[in-house]
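Letter by letter, the chains look like this.
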Amino acid sequence: MKKICLGVFSALLMIFTLSGCNSIGDKATSMSIIYGVISFLSLTMLAGYISLIKKKEVWFFILFTSVFVVNIGYFMLSISKTLEAALWANRTAYLGSVFLPLSMIMIIIKVSRLSYPKWLAYVLAAVSIIVFFVAASPGYLDIYYKSVTLENINGVSVLNKEYGPLHCVYLFYLMGYFIIMIFAIAHAIFKKKLESVAHAVVLIVAVFVNICVWLLEQLVRIDFEFLSVSYIITELFLLSAYLMLQHQEILVASLQAKIASSPASAKNELKKDTPEFIEHCRYMAEQLPRLTPSERAIYELYLAGKSTKEVLKEMNIVENTLKFHNKNLYSKLGVSSRKHLIEYAKAINEVAVSKD
């Protein structure tokens, strides 16, 4: 997958060179070729994800598919010979465009370890479908475009559009998603949900690249759809954040497997002063600053010997909420039980006291 990503970055540099360094006439004649190359890159990324990523997520599949659909729509539009063909190409591009931000926000929530109600994805998907039907209405209704004609500029087909009363729907749709994405990332950073600073940086760049390109296209008339390129960049950044998360989960699973394979684990006991125990203590000490305030409070209560009922009372939470915090707490610290957590925590505290 790394080789594919490097190849994609190289191709993107070539695309920027073709679209930014040529004369106006040359740019126009090369647009179809550029859209074709970008579509091929999108397909390559989709195929690479399907074939090379072992632990797949449905939202990544939707993201990669959406980017390919968007770019194939741009390519089909650039070579369209009739207005009807151009409108179908435009609908294809919008089909990918409306589901792309949906997949982005769900991936950000996944990478950020944020909780959300199960119905949220269905509601957002329903909204996406409604927005698509509005954006796909040209040729049937005049609510999105009042009028539209096809123009050929130096061999490249372009739609000349007069916006209708509901054209703002798609703009508000994108703006809403961008705001939600920024809020989700900020919330994850504030609650210490992200694995590291690198995760936060990657997610922020992935979102702001699209925001900046989208604003540029709204404020400046540009013949080339630079969003087609920014979408691929977004794929790469979100995928890298997800792979970092997977690496962290694999590390935790490896530590837990070492504990489970030890003879003492059969008795639910930990054998101290072993390399595995010391390694896990070091890992746990590094992870403690990542705990949210609630997780840290529960951790301290467990270490103080409080029972489940006492923790529920002091935290003023219900049992299901405690189970949710326990799941996150155990996952971050790489333990499978409260007993193991306490034993590691006491060992860490003993080392800290001895150093003082």
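Residues numbered from 1 in each chain as written. Predicted model: local features only at pLDDT ≥ 70, side-chain atom pairs only at ≥ 80, totals over all residues. Heavy atoms only, no water.

It is worth spelling out the overall build of the protein at this point. A count of helices and strands for the protein gives 13 helices and 2 strands. Looking at the protein as a whole, 46% of its 356 residues qualify as buried. Looking at the protein alone, contacts between residues at least 24 apart form 70% of all its contacts between residues at least 6 apart. (Helix = DSSP H or I, 4+ residues; strand = E, 2+ residues; numbered from the N terminus. Buried < 20%, exposed > 50% of the residue type's maximum accessible area, 1.4 Å probe, protein only. Contact = heavy atoms within 4.5 Å.)

Contact pair helix α3 (residues 58–78) / helix α4 (residues 83–111): the axes reach a minimum separation of 7 Å and the direction vectors enclose 155 degrees. The pairing of α3 with α4 is recorded here as roughly antiparallel in orientation. As for the relative orientation of α3 and α4, their crossing is left-handed in sense. Broken down by class, the residue content of the contact of α3 with α4 amounts to 21 nonpolar, 6 polar and no charged. (Axes fitted to C-alpha atoms, helices over the stretch in contact; angles between N-to-C directions. Parallel < 35°, antiparallel > 145°, perpendicular 65-115°, else oblique. Left-handed = near helix turned anticlockwise from the far one by under 90°. Nonpolar A, V, L, I, M, F, W, Y, C, P; charged D, E, K, R; others polar.)

In this section: the nonpolar core. Most often, soluble globular proteins have nonpolar side chains that are buried together. Core analysis: the biggest nonpolar cluster contains 73 residues, and F60, L63 and L238 have the highest contact counts within it. Element by element, the count of residues in this core is highest for α4, at 15 residues. Those residues in contact with L238, other than ones at most four positions away along the chain, are F60, L63, M104, I107, I108, L203 and A206. Grouped together as the second largest cluster of nonpolar side chains are 24 residues, F277, L288, I298 and L329 included. (Core = buried A, V, L, I, M, F, W, Y, C linked by side-chain atoms within 4.5 Å.)

Let's shift gears to α4. The terminal C-alpha atoms of α4, which comprises 29 residues, lie 42 Å apart, in line with the 42 Å expected from a rise of 1.5 Å per residue. With respect to burial, α4 is a largely interior element, 21 of its 29 residues being buried. Positioned one or two residues after α4, R113 has a phi angle of 60 degrees, which is positive. (Expected span 1.5 Å × (residues − 1).)

Moving on: the pattern of salt bridges. Summed over the entire model, instances satisfying the criterion amount to 4 salt bridges. Here K306 makes a salt bridge to E314, at a shortest N to O gap of 3.5 Å. (Salt bridge = Lys/Arg side-chain N within 4 Å of Asp/Glu carboxyl O.)

We now examine a nonpolar patch on the surface. A contiguous nonpolar patch, built from I182, I189, I204 and F208 and spanning about 310 Å² of accessible area, is present on the exposed surface. Of all the secondary-structure elements, those providing two or more residues to the nonpolar patch are α6 (168–190) and α7 (197–219). Residue position: I204 is located in helix α7. What makes I204 partly exposed here is its relative accessible area of 34%. (Patch = residues over 30% accessible without salt bridge, like charges linked within 9 Å, V, L, I, M, F, W, Y side chains within 5 Å. Areas by Shrake-Rupley, 256 points an atom, 1.4 Å probe, with all protein chains shown as cover.)

This brings us to the packing of α4 against α7. Close contact between α4 and α7 brings their axes to 11 Å; oriented N to C, the two are set at 170 degrees. Classified by the angle their axes make, α4 and α7 are roughly antiparallel. From α4, M104, I108 and V111 reach across to α7, where they touch H199, L203, A206, V207 and N210. Per-class residue counts for the contact of α4 with α7 are 6 nonpolar, 2 polar and no charged.

Attention shifts here to the packing of aromatic side chains. Enumeration according to the criterion identifies 12 aromatic pairs in this entry. Seen from their ring centres, Y49 and F64 are 5.1 Å apart, and the 15 degrees between their planes marks the pair as stacked. Placement of the pair is Y49 in helix α2 (residues 24–52) and F64 in helix α3, with a sequence separation of 15 residues. For Y49, a relative accessible area of 1% puts it in the buried group. Linked through ring pairs, Y94, Y144, Y145, Y163, Y170, Y173 and Y177 together constitute an aromatic cluster. (Phe/Tyr/Trp six-rings, centres within 6.5 Å; stacked < 30°, edge-to-face > 60°.)

Attention now moves to the confidence of the model for the protein. Looking at the protein as a whole, its pLDDT mean stands at 80, while 80% of the residues score no less than 70. Averaged pLDDT values over the elements of the protein bottom out at 46 in helix α1 (residues 2–21) and peak at 95 in helix α5 (residues 119–135). Residue range residues 2–6 is modelled with pLDDT below 50. Its contacts to residues more than four positions away, or to other chains, number 5 contacts. Segment residues 8–29: pLDDT under 50, and 35 contacts once partners within four positions in sequence are set aside and those in other chains are kept. (pLDDT = per-residue confidence, 0-100.)

Quick look at the side chain of S78 now. As for its position among the elements, S78 is in helix α3. A polar atom in the side chain of S78 sits 3.4 Å from the side chain of S32. Sequence-distant contacts of S78, defined by excluding residues within four places in its chain, comprise S32, Y35, G155, V156 and S157. (Polar contact = N/O pair within 3.5 Å; in protein donor to acceptor, adjacent residues only side chain to side chain.)

Relative to the elements of secondary structure, T82 occurs in the loop between α3 and α4. For T82, a relative accessible area of 43% gives the class partly exposed. In this structure the C-alpha to C-alpha distance between T82 and T149, which are 67 residues apart in sequence, comes to 9.6 Å. Within the local environment of T82, its side chain forms a polar contact with the backbone nitrogen of A85, the two atoms lying 3.2 Å apart.

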